[in-house]
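Residues per chain, in single letters:
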Amino acid sequence: MLSRVMIQIITIRIVTTLHNIFILARYELSRMFLTRRGLLSLLAFALVWFLVLRYAIYGAAQFFMADSPGGLIVSFFNSTIINNLMSWQIPELAVFWVISLYLLPVFCVALTADQTASDRARGTLRLLHLRTTRDGIFFGRFFGQMLVLFVLVLLALLSTLVLILLRDDSLLIPALRLSFILLVNLLLVLLPYTALMAWVSSMARSARQATLYAVIIWIICSLVTGWLSSRFPGLWGLDKVLPGAQVSGLLQLSGWNTLSLAYLPIIQTGVLLFLGRLMMQRSDW
Amino acid sequence: MNLLNCRGLVKKYGSTRALDGIDLTLDAGAPIALIGPNGAGKTTLFSMVCGFLRPSSGEIEVLGSKPGKSALHSRLAALPQDANLDPRFSIGHQLVLFARLQGLSAKQAQLETQRVLEQVELAQTFAMKPEALSHGMRKRVMFAQALMGKPELVLLDEPTAGLDPPNVKAMRNLISEAATEATFIISSHNLDELEKVCSSVVHLEKGKLKGVVSIDQSKSSGYLTLVMAELTAEVEQIQAVLSEIAGVSAVNFNAPNRFLLDYDAASYPQTDQQVMQKISAMGWKYRQVVNGRTLEDQLYF
């Protein structure tokens, strides 16, 4: 009887925390789309993306279309990556894929640096903590940032789709199918970067401080793994520690085969969220 | 009901002990004051009750639960000293979020936000950003967020700090009105204010509990407080003259202008009248004679 009551209480608490995670995550969307700073970030993203779309994606796609698999470009670069990209049915998406893999993580780090930092400095976290658990705040903010990134990637993909359809509207169905694959893959790529910023944000009191922590952690991890690799060449997995480690591998895959590397960002995200949660639980506000 | 239970509570910052072995039990009821000089540990104790800080050692229970646990959400509310709302969102937007986190539906949250803002007479600030408000108005908005839902315990950390006299009075009235619904624990330096609102005092000093004092006790007979408008005679002379009154056992001077008379109220119930006659006879200019002693005299003298 007692255990049944306990199970009910625990269930209610879990449901309440999940409900609060959902509310806080949704609130992050309003932070992006209803505040001046959020709208400025959005404008900056839109401007950069317009330049990428107009000059990089459009220009490079024309360049790719002029060649064929095994043609001049491939023989010049002599690369399996270029060969793989040349095999894509829609060159705009192939270029989108390459650019996004390197550009979006930079946006991601800048956008998600302030998950809890400035709220900690201002004392707003205290007001939230009177109403929800530390887990609720931590995961609410993390999923909220992922929601914002989802919207941004979606907008970027939609703009590329428009570009494709302007060239050839018969490509709608294959473009949609490919876009969905890219959307899933890009979100997987961004997961560990967002989790890293959730961790460093839980230690910081401003977005700038969080970014500095991320840079320091990144450099130290690179140095340590580099040193360990040279010292112990047989040590497995050292090149897979940092977010984005799977990117070069991804460029050699296509279609749903790209998910064969999904385990890496998922494990990295799990570890980083564990560290962030630990910090959030143990810190004094 | 047991409101707060602390056993051997210690909070260390490096080698400094902000709280040093606090044993304290408080029950629900009339408002309780938490006083002490700067660095006494008041804010640290508040922060630990709310779950913002973790104890270095010892135990703490609030309304039967550990601080920070979800069982306390909606039951415990607070106005933390340096907590501010997000300047990027409107006040209403943020208060609605708080209400939603407390389990209210979207519509209920909207209504509850309007209710608490009306309660602090700031309904017009719903769509305003926090930066557009004066310091006093911001404090009242922060007080409003503490009244959301039906909290059983409300902690107010320096609710009148930095407020002008009209806002202090407004805040005092708000606390008195709300105190019928919940138990308030109020931390402040303003002893006069606390005396008007609270019925008991928890006194901290250098991280240790000095004692728990009933304010009603200070109003009981046995003491007279004479506040002079002007000291027209030497302090020693005034003390000597007042000591001659039958039943007066001690006259202490508290600068700049206050004399505390300790007397036998049971045997000499007319002492207050005799003091008045003596003041008149000596031609001293006085401001007031109070039956009892001030909280400050009770705690520090």
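The shown structure was predicted, so the numbers you read here are calculated from the model rather than taken from an experiment.

1. Some words on the overall build of chain B
Argument step 1. Secondary structure summary: chain B contains 10 helices and 13 strands in total.
Argument step 2. Counting only C-alpha atoms, chain B reaches 70 × 45 × 35 Å along its principal axes.
Argument step 3. Per-residue burial over chain B gives 39% buried out of 301 residues.
Argument step 4. In chain B, 64% of the contacts between residues at least 6 apart in sequence involve partners at least 24 apart.

2. Considering the overall build of chain A
Argument step 1. If you tally the helices and strands in chain A, you get 12 helices and zero strands.
Argument step 2. Listing the helices and strands of chain A from first to last along the sequence gives α-α-α-α-α-α-α-α-α-α-α-α.
Argument step 3. Taken along its principal axes, the extent of the C-alpha atoms in chain A is 70 × 50 × 45 Å.
Argument step 4. For chain A, the proportion of its 285 residues judged to be buried stands at 36%.
Argument step 5. Looking at chain A alone, contacts between residues at least 24 apart form 77% of all its contacts between residues at least 6 apart.

3. Brief notes about the sheet that holds strand β3 (residues 32–35) of chain B
Residue and element names in this part refer to chain B.
Argument step 1. If you trace the six strands from one edge of the open sheet to the other, you get β5-β6-β7-β3-β8-β9, paired in mixed fashion. Strands with a single pairing partner mark the edges of an open sheet, and in this sheet they are β5 (76–79) and β9 (208–214). Geometrically, the sheet is characterised by an average inter-axis angle of 15 degrees between neighbouring strands, direction not taken into account.
Argument step 2. Each of β3, β5, β6 (153–157), β7 (183–187) and β8 (200–205) touches helix α1 (residues 42–50); the most contacted strand, β6, lies at about 145 degrees to it.
Argument step 3. The strands that helix α4 (residues 135–146) touches are β5 and β6; relative to β5, the one it contacts most, it runs at about 175 degrees.

4. Some thoughts on the domain arrangement of chain B
All names here are of chain B.
Argument step 1. What the domain assignment reports for chain B is domain 1 (2–90 + 146–217) and domain 2 (220–300).
Argument step 2. Taking only C-alpha atoms into account, the centre of domain 1 sits 34 Å from that of domain 2.
Argument step 3. Across the boundary between the two partners, domain 1 contributes eight residues, which contact five residues of domain 2.
Argument step 4. Mapped onto the side of domain 1 that touches domain 2, the elements with two or more residues apiece are α6 (191–197), β8 and α7 (215–219).
Argument step 5. When residues in the side of domain 1 that touches domain 2 are grouped by element, the largest group, three residues, is from α6.

5. Description of the sheet that holds strand β13 (residues 285–291) of chain B
Residue and element names in this part refer to chain B.
Argument step 1. Strand order across the open sheet formed by four strands is β11-β12-β10-β13, with antiparallel pairing between neighbours. If you trace the sheet from one side to the other, it starts and ends with β11 (248–254) and β13, each paired once. Sheet twist, expressed as the mean angle between neighbouring strand axes with direction ignored, is 20 degrees.
Argument step 2. In this structure, strand β10 (residues 223–230) lies alongside β13, joined through six bridges in antiparallel fashion. What sits directly across from leucine 226, in β13, is valine 289.
Argument step 3. Across the sheet, helix α8 (residues 235–243) lies against β11 and β12 (258–263), angled at about 160 degrees from β11, the strand it touches most.
Argument step 4. Together, β10, β11, β12 and β13 form the strand contacts of helix α9 (residues 271–282), whose direction differs from that of β13 by roughly 175 degrees.

6. Side note on the interface of chain B and chain A
Often, the extent of an interface is quoted as the loss of accessible area on bringing the components together.
Argument step 1. Taken residue by residue, the interface counts 24 residues in chain B and 20 residues in chain A.
Argument step 2. Listed by contribution, the elements that provide at least two residues to the side of chain B that touches chain A are β5 and α2 (91–101) of chain B.
Argument step 3. Broken down by element, the residue count for the side of chain B that touches chain A peaks at four residues, all from α2(B).
Argument step 4. In terms of residue class, the side of chain B that touches chain A is made up of 13 nonpolar, six polar and five charged.

7. Things to note about the pairing of β8(B)
Residues and elements named next belong to chain B.
Argument step 1. Pairing of β3 with β8, which is carried by four bridges, proceeds in the parallel orientation. Bridge pairing links isoleucine 32 to serine 200 in β8.
Argument step 2. Across six bridges, the pairing between β8 and β9 is antiparallel. The partner of leucine 204 across the bridge, within β9, is leucine 209.
Argument step 3. Hairpin connection from β8 to β9: two residues lie between these consecutive antiparallel strands, with lysine 206 at a positive phi of about 50 degrees.

8. Here we look at the environment of A:Ile266
All names here are of chain A.
Argument step 1. Inspection of the secondary structure assignment puts isoleucine 266 in helix α12 (residues 263–282).
Argument step 2. Judged by local crowding, isoleucine 266 falls into the partly exposed class, with 13 C-beta atoms found within 10 Å.
Argument step 3. When the C-alpha positions of isoleucine 266 and proline 192 are compared, they lie 7.3 Å apart, and in sequence the two are 74 residues distant.

9. Some thoughts on unusual backbone geometry
All names here are of chain B.
Argument step 1. Cis geometry marks the peptide bond from alanine 255 to proline 256; its omega dihedral reads 10 degrees.
Argument step 2. Looking at where proline 256 falls in the secondary structure, it is placed in the loop between β11 and β12.
Argument step 3. Positive phi values are uncommon outside glycine, yet serine 74 reaches one of about 80 degrees.
Argument step 4. If you trace the backbone, serine 74 turns up in the loop between β4 (57–62) and β5.
Argument step 5. Overall, serine 74 belongs to the partly exposed group, with 19 C-beta atoms counted inside 10 Å.
Argument step 6. A positive phi is found at glutamate 121, a non-glycine position, where the angle reads about 60 degrees.

10. Focus: the packing of helix α5 (residues 91–111) of chain A against helix α8 (residues 134–167) of chain A
All names here are of chain A.
Argument step 1. Packing of α5 against α8 brings their axes to within 11 Å, and their N-to-C directions diverge by 155 degrees. It follows from the interaxial angle that α5 and α8 lie roughly antiparallel. The handedness of the crossing between α5 and α8 comes out as right-handed. Within the contact between the two elements, α5 uses Glu92, Leu93, Phe96, Ser100, Leu104, Cys108 and Leu111 and α8 uses Val148, Leu149, Val153, Ala156, Thr160, Leu163 and Ile164.
Argument step 2. Along the lines of polarity and charge, the residues of the contact of α5 with α8 split into 11 nonpolar, two polar and one charged.

11. So, the environment of B:Pro80
Argument step 1. By the element assignment, B:Pro80 lies in the loop between β5 and α2.
Argument step 2. Not counting chain neighbours up to four residues away, the residues in contact with B:Pro80 comprise A:Gly123, A:Arg126 and B:Asp157.

12. Points about the confidence of the model for chain B
All names here are of chain B.
Argument step 1. Taken residue by residue, chain B gives an average pLDDT of 91. The fraction at 70 or more is 97%.
Argument step 2. By mean pLDDT, the top-scoring element of chain B is α2 (97), and the lowest-scoring one is α7 (66).
Argument step 3. Note on the complex model: pTM 0.86, ipTM 0.86.

Thresholds, definitions, all that
- Residues numbered from 1 in each chain as written.
- Chains lettered and ligands numbered in written order.
- Predicted model: local features only at pLDDT ≥ 70, side-chain atom pairs only at ≥ 80, totals over all residues.
- Helix = DSSP H or I, 4+ residues; strand = E, 2+ residues; numbered from the N terminus.
- Buried ≥ 20, exposed ≤ 12 C-beta atoms within 10 Å, placed from the backbone.
- Contact = placed C-beta atoms within 7 Å.
- Pairing = 2+ DSSP bridges.
- Axes fitted to C-alpha atoms, helices over the stretch in contact; angles between N-to-C directions.
- Domains from an automatic or database assignment.
- Nonpolar A, V, L, I, M, F, W, Y, C, P; charged D, E, K, R; others polar.
- Parallel < 35°, antiparallel > 145°, perpendicular 65-115°, else oblique.
- Left-handed = near helix turned anticlockwise from the far one by under 90°.
- pLDDT = per-residue confidence, 0-100.

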